[in-house]
Structure formats: C-alpha cells, structure tokens
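# Architecture and fold: a report
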Amino acid sequence: MKTRRLIAFTMAIAMTALAGCSTTAPTQTQAPASASSEAAPQASTGNASAGFDGSVTFGVVAPITGTNKMVGEYVVNGAKLALKDINAAGGINGKELKLVFEDEVDNQQASVNAMVKIMNYSDVVSFFGSTYSANCIAASPNVLEKKIPMFAGGSSANIPKKGNPYVWQDRMTDDQSGVLLAKAATENLKIKNPAILYSTESFGTGLRDQTINALKALGIVVPEKNQYGFVNDEKNFAPMISQIQNSDVDGLIAIGNQMPAAVICQQIDAAGLTIPMIGSSSWASAVCRQNAGASADGWYAVADWTVEVSTDEGKTFAKEYKDTYNADSDMPAVAVYDSIMLFKKACEIAKTTADKEAINNALKEIKDYKGAMSTYTYSENHCFSTSQFLTVNKDGLATMVGTVKTR
Amino acid sequence: MLQIRDLHAYYGPIEALKGIDITVKEGKITCLIGSNGAGKTTLLKSISGMIKRTGSIVVKGDGEIIDKNSRYIANHRIIHVPEGRHIFPGLSVKNNLEVGTINWHGFFGRQSYANELEEVYSLFPRLKERENQLGWSLSGGEQQMLAIGRAMMAKPKILMLDEPSMGLAPIVISELFEKIVQINQQGMTILLVEQNARLALQVSDFTYIIDSGKGILSGPSSDLKNDSRVIEAYLGKAVQKCD
Amino acid sequence: MNINTIVSLAVNGISMGMIYALMAMGLILLIRAIGVMNFAQGDLLMFGAFITCWLTVDLKLPLWAMIPLSIVCFVVVGIIFMFTAYWPLRNASYPAATVISTMGAAMALKEIATLIWGSLPRSMPPLMKNPATGKVAVLKIGSITIQWQFILTIIVGSVFIYLVFVLFDKLYAGRMMQAAAQDKYAAELLGIPTILTTMATYVIVVALASTGGYMIAPIFMVSNTLGTLQLRAFAGVVIGGFGNIKGAILGSLLIGVVEAFSTIQFSQYKDAVVFLVLIVFLLVRPQGLFGEKIADKA
C-alpha cells in the first residue's frame, strides 16, 4: 500500500539522518547574532568617561542564549566583574576599559560568526573566544588573518597545536589535566588498578589518552577491558557500572561533561558502588553537584575552579562574585576574568592599548602572575596555567584539597 | 419510507447529481441502475451523509435528514453497505459483525447482541463456520455476506446496498441475491444500487434509472424489464425479453 | 564475566526494552490508526517525564494525587497534539505532510518544555527507596544485586502492555477503535465517531510514552534530550515487523538487551551496534520477526 511504502521510505531516511547527528547537535534556535548586551563600541577617543584618557575595547563571546545559557551567564558576569575592578583601579594604562559582547548561542556556526563579528569591530583590540574548544579551533584561521590576540575559553590541547601565534589559553589544557588526574588518582586516592569511564568527544578521548599515558609512566597499565567509552548524551550507564562493579578494579577515573557527570554520579550511587572515584573538572562543577545532589559527594575532581578555593586571589574573586551577583561563581566566570587581567598586564608591559602586535608579544613576558584560577607563566604552547585544584565534593560543595602543579 | 426531492450533490465544485427525485417504498426493494459514473454511489453517499448535498431527503419517522451528519443517519438506522464491501480486514468475522451494533449498543453498553448475531448466522451460515477467521482471509462472496450481515447487526430500517454483485462469480451472485430477497421478505426496506441491470430488475419492485446525475426513467420493475429503451441501453440488444 | 554481571545486564536491558516497547506500541497504534509515523514519540516521552517530575518534585504531590492528575495532563497533551499536528493536515494532498508535522511537533515539544521548565536538567528522586538507608532500593538474591527501579519498570511496562492488549482484544470499545483504524469510511457509515476514536488513540499513545518517561526520569534525569530514545523504538518496530504490536514489543525488548550486552565490548558504540542489528534484520528478514499479519484487502 502506498502509505506503507511511504512510511518505510521516510523511516529509512530519518534513521540515517537522525542516527548521524547525536544530540550534541544543538537545537536549531535561530538566535540573532548580536545579543541584548553592550552596543557596538564607540570610537576610542571622545566618548570616554570622566577621569579617563580615552578607552580600550575588549570583546567577549558567550553562549548568552541557547542550551548553554547557564554557562553564558557566568561568562558575562565574570567579564563585567573584571570591567568593574579594572576601571575602579584606573583602567588600563589610564584608559577606560569597555566591553562588547556577542552571542555564540549553542552551535559552531553561530559561535564562529560571533567571534568573526567581534574581530571585525574596528575598536576591539583583543577578545575572549568561545568556552568550547571546537569553536576556538574553528575560528583560529580568522584570528590568524586578523592578527588579533584571542584568549580561548576552551581547554582542549588541540587549540595550541595549530601554532597560531595569536591564540592563548588561560585554562589548563586537557593533556596536562591528564597528568594531574593520574597524579591525584595514584597519590591522593591510592588507586592501583583503575577503570576509566570517558566521554568519546574529542576532549574526552584526548584526556583519556593523556591519563593513560601518565599512568603508564607511573607504572600502571590500564587494559582495554577496563576502559568504558560513552557518547556525550548517554544516559544509561547501568550496564557499564555493573561491569565495573563486578570486575577487580579498585578505583574509577571519570572524564566527561557536566550533565553526564551528574547522571553518572546518580547511577553509581544507585548501584551502590563505593570504590574511590575521581573525575575531570566537570565533577566539581555546580551543574553536576546541583543535579546529582548527595550522590556527588565523595567524588574527587581535578578542577579549574571551586568556590571553596583557598588561595588568596581565588578567595577574593569568589567573594566579590558572590557579593556582586548573589550567586556562586563557576569556572567560565573566572576564566574570562583572568583572561581580561592577563590582557591588562600585557598592555601594561607593552605600554600600549592600541597596538595589537605589541600586546600579543607582551603576553610572552607574563611570568608568575597570580590570577584567581591559577598562577600564569608564559610557555611556548601559549598556555599560561601552571596548576589546577584538587577538590572533593562534601555536603554539596566542592571543597579544596590542594593544588596540583605541572610546572 | 424515504422521499428524495431535487437532490444535488457535489464533489468539491463538481456537481455530480443534478436534481434527483426518488421514492423508496417501505418493505420493498427499490433499485437504482445506470452506467458507470452515472451517480449511483453518489446518491447513496448523499443519503448516508458522506458528501455535500442540497435538496430534500425525508425519512419516515425522522423527518428531514439532508443536513444531518453520517453519525446521526447511522444512528437512525439508515445503513449504507459501501461498494467494495469495506469489511474490517484485521478483525474476525465475529468482531466485524459486532462492530455493526455500535449505533444502538453504545461504547459502554451492556446489552447483549447474541440474538442479533444468531439471526445473521442463520441468514448466512457460512459466516458462522468462519466465525473466528480474520476478515481479509475471506473470499469475495463471503466478504459481501459479512458486509451485509454487519449492516444487519445495526438493526436497519433502510438497508442500502452498493453494487453487491461487483467482482463476484455468477453462482455466488445468485446465492447472494437469494439472501437479499430473503431479507426483504422479512420486511426490510432495501435500496439497491447495481451495475448488473438484469439482476437488479429481476429482484426489485421499483427501478430508477439515472444517467450523468439526472433521473431518466422510473417505474415498477416488471414494466421496465420489458421496456425496449431499457433493454437496448442496459440489457443488451441480443438479449431476449426477461421474465 | 560472572553471573552477577549477566543478570544485571539482562535486567537493565529488559527494563530499557520495556521503555522502548511502550514507545513502540504507541508508534504502531498511530501507524495503524492514522497512517502517521510519529517522529515526536521520543519527545512525548520527554514531555511526560517533565510533567511527572513537575508534579512530584515541584508540587510535591503524593502518589495517589499525582497519578490521576498526570493522566489528566496526558489527556490534554494528547488532544492538543492531535489537533495541532494531525487534524489540520488530515486531508492534505501531500501525504507526507502529517509525518513532517510530527517532526515539527518534536521541536515544538522540546522548546515548550524548555520554556516552561528551563533548559537545565532536573533530577527526580528514585521510585523506590530503601527506607532504612534512604538510598535506592535493591533486591539481593544470593550474590546477585538488582536495583528495584529496573524491576519496577519491567512490571509497570508489562502491566501497560497487558492493558493495551485487553483493550484492543477484549473490550468492545477497543474493537470500535480498531475498526475505525482499519477502515475509517466503513466505520463512519456504521456510526462510529471516528474523531473520538482517533482522540482516544492519541491519548493512549501519549499516556504510554509519558509513563515510559516517568519510569526512567529518576534513573536518567529529566532533560530535553530524552527524545533520542525514540530511535530505539523505531528500530524495535522495524525488527518486529511493521504494523504488528506483538512484534514491536519483542523487537524493542531485543533491542534493549542487545544494547545492554553490547557494552561489554563496545560501550561507546552502543548505538552503532543497535543499528547494525537493525540493518542485519532488514537484509536478512525484512518483514521482521512477525511479518505482515494483515494482507491488503481482497
């Protein structure tokens, strides 16, 4: 019958199409490229506020609308906090700092468009790029063409691999995180035969590879059968957890994004698994802790940031964020804050706020700069961060255990 | 029983019936014949409320039904057995018959329809043999009997049959028409639409002939059977006069 | 590979299979009744999960209040779904219009859920808690541990499957609905109110999918990506043989079990394994496990 054939045909097409795109392919919300935030920058001379001798403009790309708007809120708030702090202390080289925001929504095309738009503003001297590594990498050629320094918000080790002299990272790259993860698992959690549960996204497999290599260097070999991959929107971890439970592993290292982290915490708790567990930074994140509730307790994590930070600079930022916004800060906020601070430092070193080339070169002079998230020192691969925090979830908070340093 | 005046029926913008007058007498078999596309099925659909129509259709005991919907008409016991039979292929014979009772049984009614079922089985013993077989597995003749049986379960006061002989072998057709006559002898008013003019003229009491949406001829079947115009147009020149 | 793992995987597989089966039954019902392949099935599950989460967590209703209220919600959603995604297009000259509108409905459901409840995922407390420890309840048989939630899912799923069969095989009203689905024209001539039967079908389909959502919400967390589970249900329908409810159920259970056991070797390729099974079936036995029960009309 015609209907049957039509149905079969439609199904065949749909299954090929739908199976191809995982749900990390975001919803097709058609958000306008420019968001509801700051207007396009004015000329750097003439419209500065009183007390300032001109202005300098820094661009910020954030997921203001779309499925990641929670993250976008942190980015925008963190940037505005930097704006406030810098201008309260006299601006950059006496010039008022101005910010311009663009919405990267939740898909790569919109994100790259946002970054290109920012780069095209005549006044923007430098900017904070996407919080998502894939988008940073995609926009890298544009950054090279425009010769404008970008602070990437992503953490993938593939970002610096492009060798783009204008791309910088203030977050710890995942390949270093792997070393730290292995270090913490063996030294702090005393794990000798771990299972590894990892997301098959590129950041996940990258981090897994690094962790496995680092473990091998420490004398621990993780056999294939103890490695469990999962797709980013996986929800049914019970089969993997059963196998972990019934094998002879004595610890779990988990790598993934915030939502799977929450689901994993919950399902592991439900299964009654009690071996020592450490995760990538998502396990310390607010999204994971809030959604997993008590089931996230006991998990260690190597994290970019925790509100319970104990370094002085970290505490200052955390408190200020809390007082200003009446909410806890999270990694995306402090990443952009520290990026803008690094930008300020470079301007001071180069003694200019307009010469992008000079500012870019000045970033090479950064050494032992104490930011909120880490201590920053230039390295050849353009990654500034030298340490991460080791945290453990207790009573719903990610309490800090110590810092884990790479160099 | 049923009085139709100046009936016009429309398929979208196309006028398929252009002013038809028909009287269906109670307790008699009235038949409607005509060539393909004359409007026979359209007429039945007009009565059962399935297409757009204007004019007047008055039913004894119910009044004007020209503006009523198909559910009302079925509930008032005017049952149309469609051409092509349209039995429910995935339901058993018994279930098919059962479904016919909806217009008086109601979705959640508690009445038993055992009596009605018995009557249909005695009328069509073959259906009882195949009681639990699914509709699609029946032969053409059995499906037609099932369709009529199903309509009988609805306790109709007017039974409308659309081309029951279609696609059936001659021996099956004569068996079928015996049953139709039997049903009529039990008092049922029947409106029969047929392509097979000879058969229709044989069993019916009154005949209407329509062509291209208009009524052409009408009268007692016994008269029309011997009318030369009818013989030539619908019974074939070579055929002798029928008895 | 010990017995505990095998039993856990089997239980997990069958309980997931039940969820897929609930969706698959809904798919078949809609195919048979309306000829529509419903691409919004997974999002109906998602929406149902959100509704039950809202009733349980936000409004904090006890079970005896939550169940009737959620049924009311399902009825409303079913009716709205039918009259927006199907009704206006039922006589469209372009027969795939109704199918495409379900795709649009899927997107709409996701956005509406985000509008009402926000884009953040939410967690729901487990369906069965061990009162002593406050944690998830488990059943222990010898050395084997099984979470009660999975067993509950299997039981509830079976009950619903049974109810659907009872409705359609035994109840008079079910027979009417089947008739209206099999031949709308004849049904209307007999006086069956086909609008009502179609509405009832939609409501049942929504209720089935939403119950599936309710069952997995505590395990999976409620987020607007739950809709992707429908792909497994589609696979179950095809494997079981198009148009056959029993087949769809068995196919879905099979898919659930295959999915669970595939994690032994290929945990990140779970989806690929499922579709491999599907492709193998299409190549080797395209009519599915049970083939076409209803041939074209004579």
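Keep in mind that what you see is a predicted model, and the values were worked out from it rather than measured. (Residues numbered from 1 in each chain as written. Chains lettered and ligands numbered in written order. Predicted model: local features only at pLDDT ≥ 70, side-chain atom pairs only at ≥ 80, totals over all residues.)

Along its length, chain B carries 11 helices and 10 strands. For a compact globule of 243 residues, the expected C-alpha radius of gyration is about 18 Å, and chain B comes in at 18 Å, within 12% of that figure. Relative to its full complement of 243 residues, chain B shows a buried share of 47%. (Helix = DSSP H or I, 4+ residues; strand = E, 2+ residues; numbered from the N terminus. Rg over C-alpha atoms; globule rule 2.2 N^0.38 Å. Buried ≥ 20, exposed ≤ 12 C-beta atoms within 10 Å, placed from the backbone.)

Summing up its helical and strand segments, chain A has 13 helices and 14 strands in all. For chain A, buried positions account for 55% of its 407 residues.

All right, on to the packing of helix α2 (residues 69–88) of chain A against helix α12 (residues 331–350) of chain A then. All names here are of chain A. With their axes 7 Å apart at the nearest point, α2 and α12 run at an angle of 35 degrees to one another. α2 and α12 meet at a crossing whose hand is right-handed. Facing α2, whose interface residues are Val71, Tyr74, Val75, Asn77, Gly78, Ala79, Leu81, Ala82 and Ile86, α12 presents Pro332, Ala333, Val334, Val336, Tyr337, Ile340, Met341 and Lys344. Across the contact of α2 with α12, the residue classes break down as 14 nonpolar, two polar and one charged. (Axes fitted to C-alpha atoms, helices over the stretch in contact; angles between N-to-C directions. Left-handed = near helix turned anticlockwise from the far one by under 90°. Contact = placed C-beta atoms within 7 Å. Nonpolar A, V, L, I, M, F, W, Y, C, P; charged D, E, K, R; others polar.)

Moving on, we come to the nonpolar core. Counting residues in hydrophobic clusters, the biggest one holds 283 residues, and the most contacted among them are Val60(A), Ala79(A), Ala184(A), Leu197(A), Tyr337(A), Ala24(C) and Met25(C). Counting residues per element, this core draws most heavily on helix α1 (residues 3–34) of chain C, at 19 residues. Residue assignment places this core across two domains, with domain 1 (54–172 + 311–376) and domain 2 (174–303 + 390–405) of chain A each supplying three or more. (Core = buried A, V, L, I, M, F, W, Y, C linked by C-beta atoms within 7 Å. Domains from an automatic or database assignment.)

Looking now at the interface of chain A and chain C. At the interface, 42 residues of chain A touch 42 residues of chain C. Contributions of two or more residues to the side of chain A that touches chain C are made by α1 (2–20), α2, β7 (227–230), α8 (238–245), α9 (258–271) and α10 (286–292) of chain A. Sort the elements by how many residues they give to the side of chain A that touches chain C and α1(A) lands first, with 10 residues.

The next point concerns the sheet that holds strand β9 (residues 206–211) of chain B. Residue and element names in this part refer to chain B. Spatial ordering of the open sheet is given by β6-β7-β8-β3-β9-β10, a layout of six strands whose pairing is mixed. Looking at which strands have only one partner, the edges of the open sheet turn out to be β6 (78–81) and β10 (214–220). For this sheet, the mean inter-axis angle between neighbouring strands, taken without regard to orientation, is 15 degrees. (Pairing = 2+ DSSP bridges.)

Across the contact, 20 residues belong to chain C and 24 residues belong to chain B. Those elements giving two or more residues to the side of chain C that touches chain B turn out to be α6 (172–182) and α7 (184–190) of chain C. With seven residues, the top contributor of residues to the side of chain C that touches chain B is α6(C). Residues of the side of chain C that touches chain B, tallied by class, amount to 13 nonpolar, three polar and four charged.

Residue and element names in this part refer to chain B. Confidence along chain B averages 87 in pLDDT terms, with 96% of residues attaining 70 or more. Between the elements of chain B, mean pLDDT differs from a low of 73, seen in helix α11 (residues 228–235), to a high of 93, seen in strand β7 (residues 158–162). The complex prediction reports pTM at 0.78, with the ipTM value standing at 0.87. (pLDDT = per-residue confidence, 0-100.)

With that settled, consider helix α1 (residues 40–48) of chain B. Residue and element names in this part refer to chain B. Most of α1 sits inside the fold, with nine of its nine residues counted as buried. Within α1 the residues assigned to the buried category are Lys40, Thr41, Thr42, Leu43, Leu44, Lys45, Ser46, Ile47 and Ser48. Two residues or fewer after α1 comes Gly49, characterised by a positive phi angle close to 85 degrees.

Now for the arrangement of the chains. Contacts are most numerous between chains A and C, taken over all two pairs of chains that touch. Contact between chain A and chain B is absent, and the least distance between their C-alpha atoms amounts to 14 Å.

Attention now moves to α1(C). All names here are of chain C. With 32 residues, α1 extends 45 Å from end C-alpha to end C-alpha; this agrees with the ideal 46 Å at 1.5 Å per step. Of all 32 residues in α1, 26 are buried; the element is thus mostly enclosed. Gly35, located one to two residues past α1, shows a positive phi value of around 75 degrees. (Expected span 1.5 Å × (residues − 1).)

Right, let's get into the domain arrangement of chain A. Residues and elements named next belong to chain A. The domains assigned to chain A are domain 1 (54–172 + 311–376) and domain 2 (174–303 + 390–405). Domain 1 and domain 2 are separated by 29 Å when their C-alpha centres are compared. The partner domain 2 presents 11 residues to the nine residues of domain 1 that form the contact. Of the residues assigned to the side of domain 1 that touches domain 2, the class counts are four nonpolar, three polar and two charged.

Residue and element names in this part refer to chain B. What the four strands build is an open sheet, ordered β2-β1-β4-β5; its pairing is antiparallel. Edge positions in the sheet fall to β2 (14–24) and β5 (63–64), since each has one partner strand and no second. Running over the sheet, α1 touches β1 (2–11), β2 and β4 (52–59) and is turned about 75 degrees from β2.

A word on the pairing of strand β3 (residues 124–128) of chain A. Residue and element names in this part refer to chain A. Across the five residues that make up β3, a large majority, five, are buried. Note: strand β1 (residues 55–62) against β3, four bridges, orientation parallel. Bridge pairing in β3 links Thr57 to Val124. Taken together, β3, helix α4 (residues 133–146) and strand β4 (residues 150–152) constitute a β-α-β crossover, and its handedness is right-handed. (Right-handed = clockwise from strand over helix to strand, strands pointing away.)

For chain A, per-residue confidence averages 84 on the pLDDT scale, and 88% of positions sit at 70 or higher. This model gives residues 18–47 of chain A a pLDDT under 50, and the stretch forms 60 contacts once residues within four places in sequence are excluded.

What follows covers the packing of α1(C) against helix α8 (residues 194–220) of chain C. All names here are of chain C. It is at 8 Å that the axes of α1 and α8 come closest, and there the two elements cross at 165 degrees. Relative to α8, the element α1 is oriented roughly antiparallel. In the packing of α1 onto α8, the handedness of the crossing is left-handed. Side by side, α1 and α8 meet where Ile19, Leu22, Met23, Met25, Gly26, Leu29, Leu30, Ala33 and Ile34 of the first sit next to Thr198, Thr201, Ile204, Val205, Leu208, Ala209, Thr211, Gly212, Met215 and Ile216 of the second. For the contact of α1 with α8, a count of residues per class yields 14 nonpolar, five polar and no charged. (Parallel < 35°, antiparallel > 145°, perpendicular 65-115°, else oblique.)

This part is about the pairing of strand β2 (residues 144–147) of chain C. Residue and element names in this part refer to chain C. In terms of strand pairing, strand β1 (residues 138–141) meets β2 through four bridges, oriented antiparallel. From the neighbouring strand, Leu139 faces β2, where its bridge partner is Ile146. Counting the residues between successive antiparallel strands, the hairpin from β1 to β2 contains two residues, one of them, Gly142, with a positive phi of roughly 65 degrees.

Okay, the environment of Leu91(B) next. Tracing the chain through its elements places Leu91(B) in the loop between β6 and α3 (93–99). Between the C-alpha atoms of Leu91(B) and Gln133(B), which are 42 residues apart in sequence, the distance is 8.1 Å. Filtering out sequence-adjacent residues up to four positions away, Leu91(B) remains in contact with Asn96(B), Val99(B), Leu134(B), Gly135(B), Arg175(C), Gln178(C), Ala179(C) and Gln182(C).

Here we take up unusual backbone geometry. Non-glycine residue Asp395(A) carries a positive phi angle of around 50 degrees. Relative to the elements of secondary structure, Asp395(A) occurs in the loop between β13 (387–394) and β14 (397–405). When the 8 C-beta atoms within 10 Å are taken as the criterion, Asp395(A) is described as exposed. Backbone geometry places Lys60(C), a non-glycine residue, at a positive phi of 55 degrees. On the secondary structure map, Lys60(C) appears in the loop between α2 (41–58) and α3 (63–86).

Along the chain, Pro218(C) turns up in helix α8. A sequence separation of 90 residues divides Pro218(C) from Met128(C), and the C-alpha atoms of the two residues are 9.7 Å apart.

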